[in-house]
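Coordinates in review
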Amino acid sequence: MTGHSLPPRVATVRPALVRRLGLALIVGTLILGIALPLVSLLHLALQARDGSFVGLRNVLAFLGSPALAVSVWNSIWTALVTVILTVPLAFGFAYALTRTCLRGRGLFNMIAAIPLLAPSVLPAIALIYLFGNQGLLRPWLPEGFDIYGPWGIILAHCFYAFPLAVLILTTALSTADARLYEAAASLGTPARRVFFTITLPGARYGLVGAIFVVFTEVVTDFGVAKVIGGQFNVLATDVYKQVVGQQNFPMGAVIGFFLLLPALLAFMVDRAVQRKQQAQLTARAVPLLPRPEAGRDRAALLYCLLIAAPILLVIGIAAWASLVSYWPYNLALTWRHYDFAETDPAGWGSVWNTVRLGLISACIGTPLVFGTAFLLDRAKDMPRLADAGRALMLVPLAVPGLVMGLGYIFFFNAPWNPLNVLYGTMAILVLNSVMRLLPVTYVTATTALTAIDREFDAVGASLKVPGWKTFFRVTVPLCLPSLLNIWIYFFTNAATTLSAIIFLYVADTKTASIAIVNMDEAGATASAAAMGMVIAALCATAKLTQVGASALIDRRRRRWSQR
């Protein structure tokens, strides 16, 4: 029996039933992959090592420990200094990209995004080659300067967090109303006053968002502090020491919850900022288009060159160090460090695991997030279930990867859990990566779906075309560029992740990011740099392929729209 032969009531009830079942299945998966691991983390924080209930005793022990208090202070002040250094530099870069007629805007955009294509530990390794005891620039550094410590952590995070801040501030500065600047120009207002009374207030929400994103990134990142932090303790490395070094899981859970606080604060501020930012823009706003101004544009070009130079230097020094025989005594070029079997038991297997993790996460995550966004967007008759689904999709935005990884180890490794068969397999790494990356991809998919005219659905229904045919023949093709963006986001982030899976891997599922940390610990820094460059090259290749495919799709869509 086909859908065309069904009675009208059955034909309308069955799609609704399918939507309900699909939505219930998705909400159940989100509860399993997000909510229950966090509940397990909370449960463990209230227990002693022998499993007995101790209430808040672990929290009080954490607050009363002088060593842990030092770690809290170290995490906060290094994050604040990183914010102070990174956000103004990113604001200037974003201003040059959006408010001037800068030559090579696309090239500078690509250079600014380079740090996101490599694991966060790669800049830390590169800084060791630049400023370490045998560093290239060591002779020019002041006496007593030591890169192994807070300044190494701060500089590495400045490099890694810079593109995140640029991305947020570029969006904020792109939404200016040209009428305000025209009014200021007609009144003869000086440029400096225009900047402080129009430009800066207009971008204040983006500034707040960038500040909290950079702060949270520094506080919750594990890899940079592990590689270049030396004896300088921070909260993220304390979690690792408590869980892996001392097997003190309850105290690790307590520290994990303290790591959750800055991320939660950032999440709430970000939500508030987005609401106010939407209210700030009106339908009458006129987009601001920069006009050529020779002096300002030359200054913007010089500024962007000065910012791009250290980014390329850091990546370049990592690439060079991976190719020389024995730094700094024998600088003859060799591919020896790319023979990973000499320094890591898994050899190139770690790279293969990284590719598998990225591909599987992208191929599962993309249809999952797009299908979920579609069901939630069309679930007008199931408001409570849809609200629960939307809330769960955004929860990982407030949960650092390290904390989610902790929750996974406590939940999926529990003897009573029938799903503990997943522990130690690639499946748990994929599940963790997909769940952690849901928020950004969900927002991207929702934005693409809301841009499609609902008339397509109405026309399809009037012609008695099944909803799934309209979905696959109209909705999916129209959202193809967004689907590619979602796919590449899953791939690059899963391929470079470290903090989220550091507690979940076993020997057979070790990825390249983890292998880099192990190689660095073993003193094979050149091999670690080589592994980081391989991952950066893989992500860059995937990104360039996505850009090319998007351009091809966009060209075909333009031809189709001109018919």
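Since this is a predicted model, take the numbers as computed values, not measurements.

Now for the overall build of the protein chain. Helix and strand counts for the protein chain come out as 23 helices and two strands. Relative to the 2.2 N^0.38 estimate, which gives 24 Å for 563 residues, the radius of gyration of the protein chain is 25 Å and therefore close to what a compact globule would have. Going through the 563 residues of the protein chain one by one, you find that 49% of them count as buried. Of the roughly 27,300 Å² of accessible surface on the protein chain, 67% is carried by carbon and sulfur atoms. The distance from the centre of the 42 positive side-chain charges to the centre of the 24 negative ones in the protein chain is 11 Å.

At a closest axis distance of 10 Å, the pairing of helix α18 (residues 438-450) and helix α21 (residues 480-496) adopts a crossing angle of 175°. Compared by their axis directions, α18 and α21 come out roughly antiparallel. Contacts from V440, T441, T444, A445 and A448 in α18 reach S482, I486, Y489 and F490 in α21.

Our focus in this paragraph is the pattern of salt bridges. In the structure shown here, the tally under the stated rule is five salt bridges. Residue D297 is joined to R296 by a salt bridge in which the shortest nitrogen-to-oxygen separation is 3.0 Å. Of the residues examined, R296 reaches a relative accessible area of 23% and is grouped as partly exposed. Note that K510 is salt-bridged to D344, the shortest N-O span being 2.8 Å. Of this pair, K510 sits in the loop between α21 and α22 (512-521) while D344 sits in the loop between β2 (330-333) and α14 (349-378); the two residues are 166 residues apart in sequence, bridging distant segments of the chain. For the pair K510 and D344, one class covers both residues: buried. Salt bridges sharing partners connect three or more residues here, namely E293, R296 and D297.

Moving on, we come to the pairing of β2. In this structure, strand β1 (residues 324-326) lies alongside β2, joined through two bridges in antiparallel fashion. Looking at β2, one finds that V324 is bridged to L333.

Time to look at the nonpolar core. Counting 158 residues, the largest nonpolar core has F93 and F503 as the members making the most contacts within it. In terms of residues, this core owes the most to one element, helix α23 (residues 525-562), which gives eleven residues. Once you skip the residues sitting within four places of it in the chain, F93 turns out to touch F108, A112, F162, V166, Y303, C304 and I307. Within the second largest apolar cluster, five residues are counted, among which are A176, Y181, A184 and I198.

Between its first and last C-alpha atoms helix α6 (residues 150-173) spans 32 Å; for 24 residues at 1.5 Å apiece the expected length is 34 Å, and the two agree. The largest bend in α6 comes to about 40°, at A161, with the proline P163 one to four residues further on. Buried residues dominate α6, accounting for 18 of its 24 residues.

Attention now moves to α14. Taking 1.5 Å per residue as the helical rise, α14 with its 30 residues ought to reach 44 Å, and the 43 Å between its terminal C-alpha atoms agrees with that figure. Summarising burial for α14: 21 of the 30 residues are buried, a large majority.

With that settled, consider the confidence of the model for the protein chain. Averaged over all residues, the pLDDT of the protein chain equals 84, while 93% of them reach at least 70. Mean pLDDT values over the elements of the protein chain span from 71, in helix α12 (residues 249-280), up to 94, in helix α13 (residues 294-321). Under a pLDDT of 50 for its full length, residues 1-6 has, in the predicted model, four contacts with residues more than four places off or in other chains.

Turning to the environment of L429, a few remarks are in order. Looking at where L429 falls in the secondary structure, it is placed in helix α17 (residues 426-436). A relative accessible area of 0% means that L429 is categorised as buried. Measuring from C-alpha to C-alpha, the distance between L429 and V224 comes to 21 Å, with 205 residues separating the pair along the chain. Not counting the four nearest positions on each side in its chain, L429 is found in contact with L357, I501, L504, Y505, T509 and T511.

Applying the stated criterion to the full structure yields 23 aromatic pairs. On the basis of an interplanar angle of 75° and a centroid distance of 6.2 Å, the ring pair of Y95 and F195 is categorised as edge-to-face. Remark: F195 occurs in helix α8 (residues 191-202) and Y95 occurs in helix α3 (residues 66-99); sequence separation between them is 100 residues. Residue class for Y95 comes out partly exposed when judged on its relative accessible area of 26%. A relative accessible area of 25% means that F195 is categorised as partly exposed. Note on Y408 and F412: the rings are 5.0 Å apart at their centroids and 45° apart in plane angle, and the pair reads as tilted. Placement of the pair is Y408 and F412 together in helix α16 (residues 401-412), with a separation of four residues, close to one helical turn. Judged on exposure class, the residue Y408 and its partner F412 are both buried. Ring pairs connect the aromatic residues F91, Y95, F195 and F196, which therefore count as one cluster.

The rules behind each value
Each chain has its residues counted from 1, following the order in which its sequence is written. Only residues with pLDDT of at least 70 get local features here, since the model is predicted, and only at 80 or more are side-chain atom pairs given and counted; chain-wide, interface and lining totals rely on the full set of residues. Here the side-chain values reflect all heavy atoms present in the structure, with hydrogen atoms and water set aside. Labels follow the DSSP assignment, with helices taken as runs of H or I lasting at least four residues and strands as runs of E lasting at least two, numbered in each case from the N terminus. Put simply, the radius of gyration uses C-alpha atoms, and a globule should come to 2.2 Å times the residue count raised to 0.38. Working definition: with a 1.4 Å probe on protein chains only, accessible area under 20% of the residue-type maximum means buried, over 50% means exposed, and in between means partly exposed. Values of accessible area rely on a 1.4 Å probe in the Shrake-Rupley scheme; residue burial ignores everything except the protein chains shown. Positive residues here are Lys and Arg, negative ones are Asp and Glu, while His and the chain termini are left out of the count. Every charge is mapped onto a representative atom, which is NZ of Lys, CZ of Arg, CG of Asp or CD of Glu. Helix axes use the C-alpha atoms of the stretch in contact, all axes being lines fitted to C-alpha atoms, and the angles between their N-to-C directions lie in the range 0 to 180 degrees. Roughly parallel means an angle under 35 degrees; roughly antiparallel, over 145; roughly perpendicular, 65 to 115; everything else is oblique. Contact between two residues is taken to exist if any of their heavy atoms lie within 4.5 Å; hydrogens are not considered. The salt bridge criterion pairs a side-chain nitrogen of Lys or Arg with a carboxyl oxygen of Asp or Glu, the two atoms within 4 Å. For two strands to be treated as a pair, DSSP must find no fewer than two bridges joining them. Here, the term nonpolar core denotes a set of buried Ala, Val, Leu, Ile, Met, Phe, Trp, Tyr and Cys residues that are joined through side-chain atoms within 4.5 Å. How far a helix is expected to stretch is found by multiplying one less than its residue total by 1.5 Å. Here the bend at each residue means the angle between axes fitted to two seven-residue stretches, the one ending at that residue and the one beginning there. Confidence scores per residue from the predictor, reported as pLDDT, run from 0 to 100. Stacked, edge-to-face and tilted are the three classes for Phe, Tyr and Trp ring pairs, Trp counted by its six-membered ring, which pair at centre distances within 6.5 Å; planes under 30 degrees apart are stacked, over 60 edge-to-face, the rest tilted.

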